[in-house]
Amino acid sequence: MARKETITKKDILNAAFEMASEEGFEHVTARTLAAKAGCSTQPIFRVYKNMEALGAELFDEVIAYFEAYYENFPKKSDTPFANLGLTYIRFAQDNPKLFQLLFDSENRHGKSLYDILNGSGGAVVKEINNARFFGCKNPSAIFMKMWIFIHGAACMSLTGDYDLKEEETIALLEESYHAFLATL
């Protein structure tokens, strides 16, 4: 009779996600992951060819986590890119290690920042279409300007240099959008 599998692929992935969230993905090794999952390294390499394969699957899980975070985040502004910006900044504040993995890492498993941010739900495309609906003639240019501003603010939050309240952040995002719009 075959031995019953006690550690599943999902268990391993959940343990890796938890470690990446708490400590950063750079601390997820076969040994540390095995200790976290409560197993030897054998089950890890039974389900994953190598740690790179695990990293790629974990990366996709974190993208899905960000997409759900964005979709469930309360929308507080009608100004294009303001909700996306607020969500992105808050994600960095609430999940600094996952933010670094997705948006401040060289290894994005073949995905661009735009691909990750746009996700399967088309977050960026929706915002660009929203800007176009409100009369913006070049929404892609506005997105680029807003993106630089938003990403900078999110990265500042990782170092503790961004301490604006939510209302201040929304106002700043709305003001920035209208200022950039005036330059086109």
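J.: Please set out the overall build of the protein chain residue by residue, giving values where relevant.
T.: Within the protein chain one finds 10 helices and zero strands. Secondary structure elements of the protein chain, listed N to C terminal, follow the sequence α-α-α-α-α-α-α-α-α-α. With respect to the principal axes defined by its C-alpha atoms, the protein chain has extents near 70 × 30 × 25 Å. In the protein chain, which comprises 184 residues, the proportion classed as buried is 41%. Of the contacts formed within the protein chain by residues at least 6 apart in sequence, a portion of 67% connects residues at least 24 apart. Of the roughly 9,900 Å² that the protein chain leaves accessible, carbon and sulfur atoms contribute 53%. Side chains of the protein chain carry 19 positive and 25 negative charges; the gap between the two charge centres is 6 Å.

J.: Requested: an account of the packing of helix α1 (residues 9–23) against helix α2 (residues 30–37), with residues and values cited.
T.: Across the interface, α1 lies against α2 with an axial gap of 9 Å and an inter-helix angle of 110°. As judged from the angle between their axes, α1 and α2 are roughly perpendicular. The crossing of α1 and α2 is right-handed. Facing I12, A15, A16, E18, M19 and E22 of α1, the residues of α2 in contact are T32, L33, K36 and A37. Residues that form the contact of α1 with α2 fall into these classes: six nonpolar, one polar and three charged.

J.: Describe the packing of helix α6 (residues 96–103) against helix α9 (residues 139–158), naming the residues involved and giving the relevant values.
T.: Look at α6 against α9: their axes get within 10 Å of each other, and the N-to-C directions meet at 135°. Of the possible angle classes, the one that applies to α6 and α9 is oblique. Crossing angle aside, the handedness with which α6 passes α9 is left-handed. Contact residues: α6 offers P96, F99, Q100 and F103, while α9 offers H151, A154, C155 and L158.

J.: Could you give me a rundown of the nonpolar core, with the residues and numbers involved?
T.: L33, F81, Y88, F91, L102, F103 and L117 are the most contacted members of the largest nonpolar core, which has 54 residues in total. When residues of this core are assigned to their parent elements, the largest contribution, eight residues, is made by helix α4 (residues 51–72). Those residues in contact with L102, other than ones at most four positions away along the chain, are F59, V62, I63, F66, F91, R108, L113 and I116.

J.: Pulling in residues and values, what's your account of the pattern of salt bridges?
T.: Counted according to the given criterion, the structure contains eight salt bridges. Residue K10 is joined to E61 by a salt bridge in which the shortest nitrogen-to-oxygen separation is 3.9 Å. Taken together, the residues span a long stretch of sequence, with K10 in helix α1 and E61 in helix α4 at a distance of 51 residues. In this structure K10 comes out as partly exposed when scored by relative accessible area, which is 46%. Judged by relative accessible area, which is 31%, E61 ranks as partly exposed. One salt-bridge network, held together by shared partners, links E18, E22 and K36.

J.: Talk me through the side chain of N83; I want residue IDs and the actual numbers.
T.: Here N83 is to be found in helix α5 (residues 82–94). Classification of N83 by relative accessible area gives buried; the value is 8%. At 2.7 Å, the side chain of N83 and the backbone oxygen of S77 are in polar contact. Setting aside residues no more than four positions away along its own chain, N83 makes contact with P74, K75, K76, S77 and E127.

Rules of the game
Residues numbered from 1 in each chain as written. Predicted model: local features only at pLDDT ≥ 70, side-chain atom pairs only at ≥ 80, totals over all residues. Heavy atoms only, no water. Helix = DSSP H or I, 4+ residues; strand = E, 2+ residues; numbered from the N terminus. Buried < 20%, exposed > 50% of the residue type's maximum accessible area, 1.4 Å probe, protein only. Contact = heavy atoms within 4.5 Å. Areas by Shrake-Rupley, 256 points an atom, 1.4 Å probe, with all protein chains shown as cover. Lys, Arg positive; Asp, Glu negative; His and termini not counted. Charge placed at Lys NZ, Arg CZ, Asp CG, Glu CD. Axes fitted to C-alpha atoms, helices over the stretch in contact; angles between N-to-C directions. Parallel < 35°, antiparallel > 145°, perpendicular 65-115°, else oblique. Left-handed = near helix turned anticlockwise from the far one by under 90°. Nonpolar A, V, L, I, M, F, W, Y, C, P; charged D, E, K, R; others polar. Core = buried A, V, L, I, M, F, W, Y, C linked by side-chain atoms within 4.5 Å. Salt bridge = Lys/Arg side-chain N within 4 Å of Asp/Glu carboxyl O. Polar contact = N/O pair within 3.5 Å; in protein donor to acceptor, adjacent residues only side chain to side chain.

Scope: geometric values only; no functional claims are made or implied.
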